[in-house]
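# Close look at the chain arrangement
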Number of protein chains: 2
Amino acid sequence: MKYTDEHLRDLAKFYQTHLLEDTVPFWFPRSYDLANGGYLLMRDADGTLIDTDKAVWIQGRACWLLSTLYNTIEPKKEWLDGAKLGYDFLKNKCFDAKGKMYFHVDQEGNPIRMRRYFFSETFAVIAFAAYAKASGDVEAGKLAREIFGTCLEYLYGEKEVEPKFESTRPSQGIGIPMIMMNTAQQLRETIGDERCDETITHCINIIEKNFVKDDIRCVMEQVALDGSIIDHIDGRTLNPGHAIEGAWFILHEANHRDNDPKLIDLGCRMLDYMWERGWDKEHGGILYFKDVYDKPVQEYWQDMKFWWPQNETIIATLLAFELTKNEKYASMHDKIHQYAYSHFHDKENGEWYGYLHRDGTIAQTAKGNLFKGPFHLPRQEWYCYTLLKKYLDNGNNSEVGSTTCGLDIHYNYS
Amino acid sequence: MKYTDEHLRDLAKFYQTHLLEDTVPFWFPRSYDLANGGYLLMRDADGTLIDTDKAVWIQGRACWLLSTLYNTIEPKKEWLDGAKLGYDFLKNKCFDAKGKMYFHVDQEGNPIRMRRYFFSETFAVIAFAAYAKASGDVEAGKLAREIFGTCLEYLYGEKEVEPKFESTRPSQGIGIPMIMMNTAQQLRETIGDERCDETITHCINIIEKNFVKDDIRCVMEQVALDGSIIDHIDGRTLNPGHAIEGAWFILHEANHRDNDPKLIDLGCRMLDYMWERGWDKEHGGILYFKDVYDKPVQEYWQDMKFWWPQNETIIATLLAFELTKNEKYASMHDKIHQYAYSHFHDKENGEWYGYLHRDGTIAQTAKGNLFKGPFHLPRQEWYCYTLLKKYLDNGNNSEVGSTTCGLDIHYNYS
């Protein structure tokens, strides 16, 4: 199919409507925990609460979403008040005595589980930065920068993540440079920080040098320290949706850097490779895991369809189209969009199911749990809407996906 | 259906033939690692090696199987030599400097991953004890007892498993008393140890008191320290196949204790409850996870069919039938047997697939990986064959499933 401006206008309207009249209203206002702060997000398909616990990643992501809606869509008091609930809860309840953030706490913020990683921290950075911009709260901005500093120490190996494996076969994952690239992009595009551009360049270099394998048309999920493929079950396991998320972070950066053709090429190669490997030609949708040499994958759920790989692929294909105007990407975007909205969207209650069998039937009904909440879907709808709106408003020349669309910047921390 | 003696004779022949002409030949002799010791067990459906790494649990389980076949089926030199490969590898390569066992090592025995639990140790106990009986190796018996002592320290809280969760919401799992009961049973029935009976009684008491909920007809997978249900996603998650495995450990004990009617009743209740909750009335087979209150389960693979819950249910239903002669259990055994052998068994290459979708289609083809190897299926075929053989040979009066069926005991360590 050809994407005419008229079609793109319809698509912008579609994403805007879904975001504001379907996805966001599923979560808010009912999830605001006015008694304890934070959000009650673990919900069944119809919105019934299935657990009062709080996943720290998702608390940060929800605070980011509300702040970002306020910053870029409309300065609604409800969203700012809601964002403050998350900011206060994260700040006051989700750090241990040494300043490391928990993974999982109970409704009141008592700690349930600490994990080795620093992903809770990266989501706190984007939440606090977006909230600082929305509220003008100076302390929130200061904290965002401080926590970003801690994350940089992990990135550069000055602080060590407690190892899961012995030293026999050291490896590195694409997750760390990916999340740090996106965290730096979010920080830069809200309150700004002079460390961001250098961090992003560093992360892109790691990804291109170590994880992108042009000879076999593949983006690895983990590799040895020298970038070579570790030919064991774990080392061979690919996560196409994750690599495609990495692709659009790089395409976003390409756009930010005056449509840098080398970065556009890198992001499009990553998207092409992992679409080839991850798109299910039989049933449609992006599969969860694949083996680089098509051997059996350890993880049992490898051929399921999760919500978030579809969200990331919807963004990546639309952004690749906007940056290249190559109809191939319009066609890919159309395929993934049609598949995802016809299989995942819950027309009765709003939002998406999270977990489908390979054949597209629903495997379980939760809309929110320890790993799913208001993030990948609303981020996708928000990103695609703002991307299209800017292109259509500005004759395709401006920076896409920045968080300042249509809004006065009333706070500039930097 | 009614289980006549003629049908039971056919069934015994079926399990014997599958064990010795289908399952065991899939694994051996090709998996013996003559160069490094241990076994190369990570194999695709056709037996192709997909990884040279060694999962320590599975190394112990394979050594146990070979020793047990030698002890109870036929004193074949190949099996004893094969068992020695595993024994030596476990003893020399799978312990760290402090004496804790690894979870995952490479082909040569270099450590890849240590985990918090002591399950590698429990499988080493049953492997070393069975090998000691098979070989007459005094050191193997001594080591089995020593490692069992370490496991008892964990069981009684003298040694602490590094906690995964913070102290806010302490819980206990059924896995520890279950595995310790079975480990003690194996040790008792190979080389004997005076600590076994007391350990088994202790474990059964914990399970009955804390995990079996007659009011809601359920066996919990984890509970609070006082046995109450923890009404959060993790606490509500049931593992029917696991509870049914626990049921047959208790039925085995009932039989050992002169068919103790209270233990028969306990084991049958556990089986009944979890069959009701785990049996898939639509497609057949035992589902992986269920929520105690039928809310959504966190784990994505909750409605898949794994091989091992079917194996454990085949044993439990047959044993319940032999102990009660209640036709209900014959009918349940027939159902699970028919389902499992028609969906999991690979008629072309032998052995079973490990992972089916809920509808019975194959989700991935590996026969061996980090978690699957020669254990649940051959143990089931061995247990059912020896159980039926004893009943048929001895007019239904003898102890079932003991590991001394039809064999001179040429080694008695105790």
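Residues numbered from 1 in each chain as written. Chains lettered and ligands numbered in written order. Predicted model: local features only at pLDDT ≥ 70, side-chain atom pairs only at ≥ 80, totals over all residues. Heavy atoms only, no water.

## So, the sheet that holds strand S14 (residues 362–364) of chain B
The strand order S12-S13-S14 (chain B) describes an open sheet built from three strands, whose pairing is antiparallel. Among the strands making up the open sheet, the edge pair consists of strand S12 (305–306) and S14 of chain B. (Pairing = 2+ DSSP bridges. Helix = DSSP H or I, 4+ residues; strand = E, 2+ residues; numbered from the N terminus.)

## A word on the relation of the copies chain B and chain A
Rotating chain B by 180° and moving it 0.0 Å along the rotation axis overlays it on chain A with an RMSD of 0.0 Å. The operation mapping one copy onto its partner corresponds to a two-fold rotation axis. Looking at the rotation axis and the C-alpha trace of chain B, the residue lying nearest is Trp301 of chain B, at 2.9 Å. Residue by residue, 100% of the interface of chain B is reproduced at the interface of chain A, so both copies engage with the same surface. (Least-squares fit on C-alpha atoms with pLDDT ≥ 70 in both. Contact = heavy atoms within 4.5 Å.)

## Focus: the pattern of salt bridges
The full count for this structure, using the stated rule, is 58 salt bridges over all chains. A salt bridge links Asp53 of chain B to Arg169 of chain A; its shortest N-O distance comes to 2.7 Å. With Asp53 of chain B in the loop between strand S2 (49–51) and strand S3 (54–55) and Arg169 of chain A in the loop between helix H5 (138–155) and strand S6 (171–173), this pair bridges two chains. Look at Asp53 of chain B and you get buried, because its relative accessible area is 2%. (Salt bridge = Lys/Arg side-chain N within 4 Å of Asp/Glu carboxyl O. Buried < 20%, exposed > 50% of the residue type's maximum accessible area, 1.4 Å probe, protein only.)

## As for the packing of helix H1 (residues 5–27) of chain A against helix H13 (residues 376–394) of chain A
Residue and element names in this part refer to chain A. The contact between H1 and H13 brings their axes to 8 Å, and the two run at 145°. As H1 packs across H13, the resulting crossing turns out to be left-handed. Residues Asp5, Leu8, Arg9, Leu11, Ala12, Tyr15, Gln16, His18, Leu19 and Thr23 of H1 touch H13, and the partners they reach there are Leu377, Pro378, Gln380, Glu381, Trp382, Cys384, Tyr385, Leu388 and Leu392. Partitioned by chemical class, the residues of the contact of H1 with H13 number 12 nonpolar, four polar and three charged. (Axes fitted to C-alpha atoms, helices over the stretch in contact; angles between N-to-C directions. Left-handed = near helix turned anticlockwise from the far one by under 90°. Nonpolar A, V, L, I, M, F, W, Y, C, P; charged D, E, K, R; others polar.)

## Some points on the interface of chain B and chain A
Listed by partner, the interface residues are 40 residues for chain B and 40 residues for chain A. Summed over both partners, the interface of chain B with chain A comes to about 3700 Å²; 55% of that surface belongs to carbon and sulfur atoms. If you look at where chain B meets chain A, you find two salt bridges. Here chain B and chain A share 24 residue pairs in polar contact (both at pLDDT 80 or more) between them. When residues of the side of chain B that touches chain A are traced back to their parent elements, those giving at least two are S2, strand S5 (111–113), helix H8 (233–236) and S14 of chain B. Here the side of chain B that touches chain A takes three residues from S5 of chain B, the largest share from any one element. Split into classes, the residues belonging to the side of chain B that touches chain A amount to 19 nonpolar, 10 polar and 11 charged. (Buried area = accessible area lost by both parts, 1.4 Å probe. Polar contact = N/O pair within 3.5 Å; in protein donor to acceptor, adjacent residues only side chain to side chain.)

## What about the packing of aromatic side chains?
On inspection of all chains with the given rule, the structure shows 81 aromatic pairs over all chains. Where Tyr288 of chain A meets Phe289 of chain A, the ring centres are 4.6 Å apart and the plane angle is 80°; that geometry is what we call edge-to-face. Residue class for Tyr288 of chain A comes out buried when judged on its relative accessible area of 11%. Accessibility expressed as a relative area gives 12% for Phe289 of chain A, which makes it buried. Between Trp301 of chain A and Tyr300 of chain B the ring centres are 5.3 Å apart and the planes differ by 70°, which places this aromatic pair in the edge-to-face class. Taken together, the residues span two chains, with Trp301 of chain A in the loop between strand S11 (290–291) and strand S12 (305–306) and Tyr300 of chain B in the loop between strand S11 (290–291) and S12. (Phe/Tyr/Trp six-rings, centres within 6.5 Å; stacked < 30°, edge-to-face > 60°.)

## Describing the side chain of Arg379 of chain A
Considering the arrangement of structural elements, one finds Arg379 of chain A in helix H13. Those residues in contact with Arg379 of chain A that sit more than four places away from it in its chain are Trp64, Asn182, Glu245, Trp248, Phe249, Glu312 and Ile315 of chain A.

## Describing the side chain of Gln302 of chain A
Relative to the elements of secondary structure, Gln302 of chain A occurs in the loop between S11 and S12. Not counting residues within four places of it along the chain, the set of residues in contact with Gln302 of chain A comprises Leu287, Tyr288, Phe289 and Val297 of chain A together with Ala363 and Gln364 of chain B.

## Side note on the layout of surface pockets
The computed volume of the second largest pocket comes to approximately 380 Å³. Contributing to the lining of the second largest pocket are 22 residues, with Ala363 of chain A together with Lys290, Lys295, Gln302 and Asp303 of chain B lying nearest its centre. In terms of residue count, strand S14 (residues 362–364) of chain A provides more of the lining of the second largest pocket than any other element does, three residues in total. Among the residues making up the lining of the second largest pocket, the classes are represented as seven nonpolar, four polar and 11 charged. (1 Å grid on protein atoms, 1.4 Å probe; cavity = no way out; pocket = protein on both sides within 12 Å on 5 of 7 lines; lining within 4 Å. Points joined across faces, edges and corners; volume = space filled by probe spheres on them.)

## Considering the domain arrangement of chain A
Residues and elements named next belong to chain A. Structurally, chain A comprises domain 1 (1–15 + 184–407) and domain 2 (29–164). Using C-alpha coordinates to define each centre, domain 1 is positioned 23 Å away from domain 2. Counting from both sides, the interface comprises 36 residues of domain 1 and, opposite them, 38 residues of domain 2. Across the interface of domain 1 and domain 2, roughly 3100 Å² is buried in total on both sides, 69% from carbon and sulfur atoms. Among the residues of domain 1 in contact with domain 2, Ile191, Leu370 and Phe375 are the three that bury the most area, contributing 20% of the side total. Counting across the interface, domain 1 meets domain 2 through one salt bridge. Linking Arg145 and Asp193 is a salt bridge whose minimum nitrogen-to-oxygen distance equals 3.1 Å. One can count 11 residue pairs in polar contact (both at pLDDT 80 or more) joining domain 1 with domain 2. With six residues, the single largest contributor to the side of domain 1 that touches domain 2 is H13. Of the residues in the side of domain 1 that touches domain 2, the class split is 15 nonpolar, 14 polar and seven charged. (Domains from an automatic or database assignment.)

## Considering the sheet that holds S14 of chain A
Spatially, three strands are ordered S12-S13-S14 (chain A) in an open sheet, and the strand pairing comes out antiparallel. Unpaired on one side and paired on the other, S12 and S14 of chain A mark the two borders of the sheet.

## Quick look at helix H5 (residues 138–155) of chain B
Residues and elements named next belong to chain B. Taking 1.5 Å as the rise per residue, H5 with 18 residues should run 26 Å; its terminal C-alpha atoms sit 26 Å apart, in good agreement. Among the residues of H5, Ala140, Gly141, Leu143, Ala144, Arg145, Ile147, Phe148, Gly149, Cys151, Leu152, Tyr154 and Leu155 are the ones counted as buried. Buried-residue contacts for H5 involve helix H3 (77–93), helix H4 (119–135), helix H6 (175–190) and helix H7 (196–211). Residue Asp137 occupies the N-cap position of H5, its side-chain oxygen lying 2.9 Å from the main-chain nitrogen of Glu139. One or two positions beyond H5, positive phi appears at Gly157, with a value near 75°. (Expected span 1.5 Å × (residues − 1).)

## Examining the environment of Arg43 of chain A
Residue and element names in this part refer to chain A. Of note, Arg43 is situated in strand S1 (residues 42–43). Between the C-alpha atom of Arg43 and that of Trp27, which follows or precedes it by 16 residues, the distance is 9.0 Å. Ignoring sequence-local partners within four residues, the contact set of Arg43 consists of Phe26, Arg30, Ser31, Thr48, Leu49, Ile50, Ala366, Lys367 and Gly368. Reaching out from Arg43, the side chain makes a polar contact with the backbone oxygen of Arg30 at a distance of 3.2 Å. At 3.1 Å, the side chain of Arg43 and the side chain of Ser31 are in polar contact.

## Thoughts on the packing of helix H2 (residues 56–72) of chain B against helix H13 (residues 376–394) of chain B
All names here are of chain B. The N-to-C vectors of H2 and H13 enclose an angle of 20°; their axes lie 10 Å apart at closest approach. Relative to H13, the element H2 lies roughly parallel. Regarding H2 and H13, the two cross each other, and that crossing is left-handed. Contact with H2, carried on its side by Arg61, Trp64, Leu65, Thr68 and Thr72, involves His376, Pro378, Arg379 and Trp382 of H13 and no other residues of that element. (Parallel < 35°, antiparallel > 145°, perpendicular 65-115°, else oblique.)

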